[in-house]
Amino acid sequence: MTKNEFLARLAEELDRKKVADAADIISEYEQHFAFKMADGFSEEEIAAKLGDPVAHAAQFESSAADPSSASSSRGGRDGRGGRKAVTVIGLCFADLFAGIFFVLLMAWEVIMIAFSLACAAIAVCLLGKLNIYSLIPPMPYWCAAILGLAIAALSVLAAVGSVYFAAFVRQLMRSYGRFHHNAIAAASGKAVLPSLAIHPQLAPKANRRLRTIALIALIIFVVFTILGMIVAMISSG
């Protein structure tokens, strides 16, 4: 079953069951397909792992139930209300620690970006024969140029790492948000949505380009760092 076939069957079942938020549900499943396809899975593999779309649509049938029939199960609603209250309280504590964790991750992202910019500034100074406030030790220009290229490659490597880490933090927050939603939905007796992976979700073409850039930058950094150290030692006698 392809992606379009799965979503069409799911949409048909949701419409037949008169689920109010069918469009949002379809959108969530479309994102699930997009994320898995970015990881290299085929549409058929993703659909096979999800299973029967009819069964997925049946999970949301309770949310479309007639209010008159729901009024006859007040005791069940009270029980679900108690479970939902306990779940919400537990999630509040989890959100506190998760919030601190996400703040630390974003702080590390800022540090990575600052490190990349600092390396770029040092590379410009070395290649442009700039020595602001005499912060860089004096050295022959050809030696400074080699080390400048190495540090420029390190700047690019750090920049690529920053992009990957930002994508990781974003996906981690999305995954936690989905867990949050599913926890409340399960406590309320509603259907849950597919969980999201925590690893970065990038388009295949962008992912390949970033990996290529990172590999080239790493090779340049290692080669020119070693070469620069050899040249510096020979120059200093």
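Please read all numbers here as calculations on a predicted model, not as lab measurements.

Focus: the environment of Phe-168
Here comes step 1: Take Phe-168: it is sitting in helix α7 (residues 141-187).
Here comes step 2: Residues Phe-168 and Pro-200 lie 32 residues apart in sequence; the distance between their C-alpha atoms is 4.4 Å.
Here comes step 3: Sequence-distant contacts of Phe-168, defined by excluding residues within four places in its chain, comprise Ile-198 and Pro-200.

With respect to the side chain of Glu-13
Here comes step 1: Position of Glu-13 among the secondary structure elements: in helix α1 (residues 3-16).
Here comes step 2: Judged by relative accessible area, Glu-13 falls into the buried class, the value being 7%.
Here comes step 3: A distance of 2.9 Å separates the side chain of Glu-13 from the side chain of Arg-16, its partner in a polar contact.
Here comes step 4: Beyond its immediate stretch of four places on either side in the chain, Glu-13 contacts Val-54 and Ala-57.

Concerning α1
Here comes step 1: Given a rise of 1.5 Å per residue, 14 residues ought to cover 20 Å, and the 20 Å separating the end C-alpha atoms of α1 matches this to within 8%.
Here comes step 2: Of all the positions in α1, only Phe-6, Leu-7, Leu-10, Glu-13 and Leu-14 are classed as buried. Down the axis of α1, the buried side of the element spans an arc of 130 degrees, and every buried residue falls inside it. Across α1 from its buried face, at more than 90 degrees, point the exposed residues Asn-4, Asp-15 and Arg-16.
Here comes step 3: Lys-18 occupies a position one or two residues after α1 and carries a positive phi of about 55 degrees.

About the cut-offs
Residues numbered from 1 in each chain as written. Predicted model: local features only at pLDDT ≥ 70, side-chain atom pairs only at ≥ 80, totals over all residues. Heavy atoms only, no water. Helix = DSSP H or I, 4+ residues; strand = E, 2+ residues; numbered from the N terminus. Contact = heavy atoms within 4.5 Å. Buried < 20%, exposed > 50% of the residue type's maximum accessible area, 1.4 Å probe, protein only. Polar contact = N/O pair within 3.5 Å; in protein donor to acceptor, adjacent residues only side chain to side chain. Expected span 1.5 Å × (residues − 1). Arc of directions from axis to C-beta.

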